[in-house]
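Residue-level listing of the chains:
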Amino acid sequence: MLTIVGVNVLTAAKLLGEIGDITRFRNSSAFARHNGTAPIPVWSGNDDRHRLNRGGNRQLNTTLHRIAITQARCHEGARALIKRRQETTRDTGKGSLRVLKRHLSDVIYRALVDDHNRHRDQETPASTE
């Protein structure tokens, strides 16, 4: 997880402490609902928009927000994502940041699942028969 831009030792510790066992989430969407980055659809007339989810674990959401702000400032990929969202949609800066946070949620979920699988495979003893 430390290879993700914006995640240092303290941030990783906060994420691991708030998340606990990653296997309790069946997929990245369930993890996004838990951390409050899953968007809530809002319909008004013919507009199909998404609103910020105020539910979920607020400590985890705050940590993801710090990572997103750092990436928006320092990481070329995140800057390109925000610029592309603002050019192609009517997204505001906050809307683009919401999309970045959801993307980060998926990246962190995949990193934790891969790490869990790697440790599980190392702990499985080889057959000695």
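Scroll up a little and you will see the structure.
So, how was this worked out
Residues numbered from 1 in each chain as written. Predicted model: local features only at pLDDT ≥ 70, side-chain atom pairs only at ≥ 80, totals over all residues. Heavy atoms only, no water. Helix = DSSP H or I, 4+ residues; strand = E, 2+ residues; numbered from the N terminus. Buried < 20%, exposed > 50% of the residue type's maximum accessible area, 1.4 Å probe, protein only. Areas by Shrake-Rupley, 256 points an atom, 1.4 Å probe, with all protein chains shown as cover. Axes fitted to C-alpha atoms, helices over the stretch in contact; angles between N-to-C directions. Parallel < 35°, antiparallel > 145°, perpendicular 65-115°, else oblique. Left-handed = near helix turned anticlockwise from the far one by under 90°. Contact = heavy atoms within 4.5 Å. Nonpolar A, V, L, I, M, F, W, Y, C, P; charged D, E, K, R; others polar. Salt bridge = Lys/Arg side-chain N within 4 Å of Asp/Glu carboxyl O. Core = buried A, V, L, I, M, F, W, Y, C linked by side-chain atoms within 4.5 Å.

Explain the overall build of the protein chain to me, please; I cannot follow it from the model alone.
Counting its regular elements, the protein chain contains five helices and two strands. Listed by position from the N terminus, the elements making up the protein chain come as α-α-β-β-α-α-α. Across the 129 residues of the protein chain, 31% fall into the buried class. Surface exposure of the protein chain reaches about 8400 Å², of which carbon and sulfur atoms provide 51%.

Looking at this model, I keep getting lost on the packing of helix α4 (residues 76-88) against helix α5 (residues 93-123). Mind explaining?
Relative placement of two packed helices is described by the angle separating their axes and the distance separating the axes. Two elements in contact, α4 and α5, have axes whose closest approach is 9 Å; the angle formed by their N-to-C orientations is 130°. For the element pair α4 / α5, the angle class is oblique. The hand of the α4/α5 crossing is right-handed. Touching A78, L81, I82, R85 and Q86 of α4 are G93, S96, V99 and L100, all from α5. Each residue belonging to the contact of α4 with α5 can be placed in one class, and the counts come to five nonpolar, three polar and one charged.

I keep staring at the pattern of salt bridges and nothing clicks. Help me out?
Side chains that differ in charge, positive against negative, can pair when their charged atoms come close. In total, this model carries five salt bridges according to the counting rule given. One salt bridge in this structure joins R79 and E76, with 3.3 Å as the shortest N-O distance. With R79 and E76 both in helix α4 and three residues apart, the pair spans about one turn of that helix. Classification of R79 as partly exposed rests on a relative accessible area of 37%. Take E76: its relative accessible area is 54%, and that puts it in the exposed class. Ionic pairing is found between R102 and D106, a salt bridge with its closest N-O pair at 3.3 Å. Of the two residues, R102 and D106 are both situated in helix α5; the distance of four residues between them amounts to about one turn of the helix. For D106, a relative accessible area of 16% translates into the label buried.

Would you mind going over the packing of helix α3 (residues 58-74) against α4 with me for this structure?
The N-to-C vectors of α3 and α4 enclose an angle of 90°; their axes lie 6 Å apart at closest approach. With respect to α4, the axis of α3 lies roughly perpendicular. Of the residues in α4, those touching α3 at Q71, A72, R73 and C74 are E76, A78, R79 and I82. Of the residues that constitute the contact of α3 with α4, the class distribution is four nonpolar, one polar and three charged.

Please explain the nonpolar core as it appears in this structure.
As a rule of thumb, nonpolar side chains are buried together in soluble globular proteins. With 22 residues, the main nonpolar core has I19, I22, F25, F31, L100 and I108 as its most contacted residues. Broken down by secondary-structure element, the contributors of at least two residues to this core are α1 (9-19), α2 (28-35), α3, α4 and α5. With six residues, the top contributor of residues to this core is α5. Contact partners of F31, with chain neighbours within four places excluded, come to I19, I22, F25, L60, S105, I108 and Y109.

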